[in-house]
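# Notes for the structure review
So you can see what is in the structure, the chains are spelled out below.
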Amino acid sequence: MIDLDLYMSLINGGVMLFCLAIGYIIKTSVPKIDNKYIPLIMALVGIIVAVFNAQHIDFNIVLGGLITGLASTGLYEAFRNLIQNNK
């Protein structure tokens, strides 16, 4: 069984909401960006925002930003699938 407590402790809610908003804006407003690049963009945005929020660079901060940015992509997909299945 996989223990996800470490990953859950690295996720920052504020960074996730920011990444979720940026990802939604990119998905709906910038059609030239291919969907396969959005997780990479969100990972980078998550790292940048997490480092900016902490005001220093640390491995755990970078890892937390990376995981949070990628988690925001998964959260968007989960919400999209939930909304489409209810229609």
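Whatever comes next refers back to the structure up there.
### Considerations on the overall build of the protein
Helices and strands together make up the secondary structure of the protein, namely four helices and zero strands. Seen in sequence order, the protein has helices and strands lined up from the N terminus as α-α-α-α. The principal-axis extents of the C-alpha atoms in the protein amount to approximately 40 × 35 × 20 Å. In the protein, buried positions account for 25% of the 87 residues. Contacts spanning at least 24 positions in sequence make up 62% of the contacts within the protein whose residues lie at least 6 apart. Surface summary for the protein: the accessible area is close to 6300 Å², and the carbon and sulfur share equals 67%.

### Looking at the pattern of salt bridges
Applying the stated criterion across every chain yields a total of one salt bridge. Of the charged contacts, one joins R80 and E77 as a salt bridge, the two residues approaching to 2.4 Å between their closest N and O atoms. Of the two residues, R80 and E77 both sit in helix 4 (residues 59-86), three residues apart, roughly one turn of that helix. Look at E77 and you get partly exposed, because its relative accessible area is 28%.

### Considerations on the nonpolar core
If you look at the biggest cluster of nonpolar residues, it comprises six residues: V15, C19, I26, I38, M42 and V45. Those elements that provide at least two residues to this core are helix 2 (13-29) and helix 3 (38-54). In this view, C19 contacts M42, V45, G46, G69 and S72; residues no more than four positions away in its chain are not counted.

### A closer look at unusual backbone geometry
In this structure, Q55 takes a positive phi of about 65° despite not being glycine. Positionally, Q55 belongs in the loop between helix 3 and helix 4.

### What to know about the side chain of T68
Looking at the element boundaries, T68 is found in helix 4. Owing to a relative accessible area of 1%, T68 belongs among the buried residues under this scheme. In this structure the side chain of T68 is engaged in a polar contact, spanning 3.2 Å, whose partner is the backbone nitrogen of N12. Filtering out sequence-adjacent residues up to four positions away, T68 remains in contact with L10, I11, N12, V15 and M16.

About the thresholds
- Residues numbered from 1 in each chain as written.
- Predicted model: local features only at pLDDT ≥ 70, side-chain atom pairs only at ≥ 80, totals over all residues.
- Heavy atoms only, no water.
- Helix = DSSP H or I, 4+ residues; strand = E, 2+ residues; numbered from the N terminus.
- Buried < 20%, exposed > 50% of the residue type's maximum accessible area, 1.4 Å probe, protein only.
- Contact = heavy atoms within 4.5 Å.
- Areas by Shrake-Rupley, 256 points an atom, 1.4 Å probe, with all protein chains shown as cover.
- Salt bridge = Lys/Arg side-chain N within 4 Å of Asp/Glu carboxyl O.
- Core = buried A, V, L, I, M, F, W, Y, C linked by side-chain atoms within 4.5 Å.
- Polar contact = N/O pair within 3.5 Å; in protein donor to acceptor, adjacent residues only side chain to side chain.

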